[in-house]
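# Overview (structure and organization)
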Amino acid sequence: MAIKINDIPPEGLTLELGQKLELFDRGTASTAFKAVLAIKPMKGGILHISGRVQSDPLLECSRCLESFMFNIDSEINFDLAPISSLGPEGEHELIGGELDIEFYQSDEIEPLDIIKEQLLISIPMVPLHDSGCKGLCSVCGADLNKVECGHQRNAPGDFGAFSTLKDLLKK
Ligand SMILES: [Zn+2]
Ligand SMILES: [Zn+2]
């Protein structure tokens, strides 16, 4: 549901969205979200985007590979500027300050892209289903949150290949 920039009234517009989108490019639009987006035209073709997005995407714990629900409730606040406002050196001359600026090139914007990006930056690089997750046994792959297989193994997060490398370096 793209929005033509020319169709945005001078006083701006507010969108309330609630649907599903495809967050991880797996071919399934399975992540439900709720969002409010306010789009307000500023001078120089700049659009100020503000709002809020809430979602509970299913993530995979990076230690034990268990799926878990991650809660996102994130404020949106940035400016969208036309790519033509970039100076020859790629600097942006119209606005100073610390505001986040993104650029658009076409004559329309896609609210779902804005929401998807906001959700993706809200997800930790190393998602953990619990900060105390014990991970998987490096010998047999058992989920150490559920069983104690009794194997001698490396400390959690100390991956087999890496410790082999450390042993090699010691020699
Ligand atoms: Zn885990
Ligand atoms: Zn084991």
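Rules used throughout
- Residues numbered from 1 in each chain as written.
- Chains lettered and ligands numbered in written order.
- Predicted model: local features only at pLDDT ≥ 70, side-chain atom pairs only at ≥ 80, totals over all residues.
- Heavy atoms only, no water.
- Donors = N, O, S within 2.8 Å, 3.2 Å for Na, K, Ca; no water.
- Tetrahedral: all angles 85-135°; square planar, octahedral: opposite > 155°, others 65-115°.
- Helix = DSSP H or I, 4+ residues; strand = E, 2+ residues; numbered from the N terminus.
- Buried < 20%, exposed > 50% of the residue type's maximum accessible area, 1.4 Å probe, protein only.
- Core = buried A, V, L, I, M, F, W, Y, C linked by side-chain atoms within 4.5 Å.
- Contact = heavy atoms within 4.5 Å.
- Polar contact = N/O pair within 3.5 Å; in protein donor to acceptor, adjacent residues only side chain to side chain.
- Expected span 1.5 Å × (residues − 1).
- Arc of directions from axis to C-beta.
- 1 Å grid on protein atoms, 1.4 Å probe; cavity = no way out; pocket = protein on both sides within 12 Å on 5 of 7 lines; lining within 4 Å.
- Points joined across faces, edges and corners; volume = space filled by probe spheres on them.
- Nonpolar A, V, L, I, M, F, W, Y, C, P; charged D, E, K, R; others polar.

### Describing the coordination of the zinc ion (ligand 2)
On the protein side, the zinc ion (ligand 2) has C137 (SG), C140 (SG), C149 (SG) and H151 (ND1) as donor atoms, found 1.9 to 2.4 Å from it. For the zinc ion (ligand 2), the four donor atoms are set out with angles of 104 to 119 degrees between them, so the coordination reads as tetrahedral. Counting residues between consecutive donors of the zinc ion (ligand 2) along the chain gives the motif C-x2-C-x8-C-x1-H. Residue C137 is located in the loop between α1 (111-122) and α2 (160-170), and its partner C149 is located in the loop between α1 and α2; the two are separated by twelve residues in the primary sequence. Of the residues examined, C149 reaches a relative accessible area of 30% and is grouped as partly exposed.

### Notes on the nonpolar core
One recurring pattern in soluble globular proteins is that nonpolar side chains are buried together. Of all hydrophobic cores here, the largest spans 29 residues; its most connected members are L47, I49 and I115. Sorting the residues of this core by element identifies β2 (13-21), β3 (31-41), β4 (47-55), β7 (72-82) and α1 as the ones contributing at least two each. Beyond its immediate chain neighbours, meaning those up to four positions away, L47 contacts I5, I8, I39, K40, P41, F78, D79, L80, Y104 and I109.

### Here we look at the side chain of D143
Structurally, the position occupied by D143 is in the loop between α1 and α2. Only 2.9 Å separates the side chain of D143 from the backbone nitrogen of N145, close enough to count as a polar contact. The residues contacting D143, other than those within four sequence positions of it, are C64, E66, G135 and L136.

### Focus on the coordination of the zinc ion (ligand 1)
For the zinc ion (ligand 1), every protein donor is listed as C61 (SG), C64 (SG), H129 (ND1) and C133 (SG), and the spread of their distances is 2.0 to 2.3 Å. Note that the zinc ion (ligand 1) binds four donor atoms; their angles at the metal cover 108 to 114 degrees, and the shape is tetrahedral. Of note, the donors binding the zinc ion (ligand 1) are all from one chain and are spaced C-x2-C-x64-H-x3-C. Of this pair, C61 sits in the loop between β5 (58-60) and β6 (67-69) while C133 sits in the loop between α1 and α2, placing them 72 residues apart in sequence.

### Considering α1
Taking 1.5 Å of rise per residue, twelve residues should cover 16 Å, and α1 covers 17 Å from first to last C-alpha, within 8% of that figure. Turning to α1, its buried residues number three or more, namely P111, I114, I115, Q118 and L119. Around the axis of α1, the buried residues are gathered within 130 degrees of arc, so they sit on the same side. Of the surrounding secondary structure, the elements contacted by the buried residues of α1 are β1 (3-4), β2, β3, β4, β7 and β9 (108-109). One side-chain oxygen of the residue at the start of α1 lies 3.0 Å from the amide nitrogen of L112, identifying that residue as E110.

### Structural notes on the layout of surface pockets
Here the second largest pocket is characterised by a volume of approximately 180 Å³. Lining the second largest pocket are F78, L80, E102, F103, Y104, E108, I109, E110, D113, I114 and E117. For the lining of the second largest pocket, the secondary-structure elements that each account for two or more residues are β7, β8 (101-104), β9 and α1. Here the residues of the lining of the second largest pocket are counted per class, giving six nonpolar, no polar and five charged.

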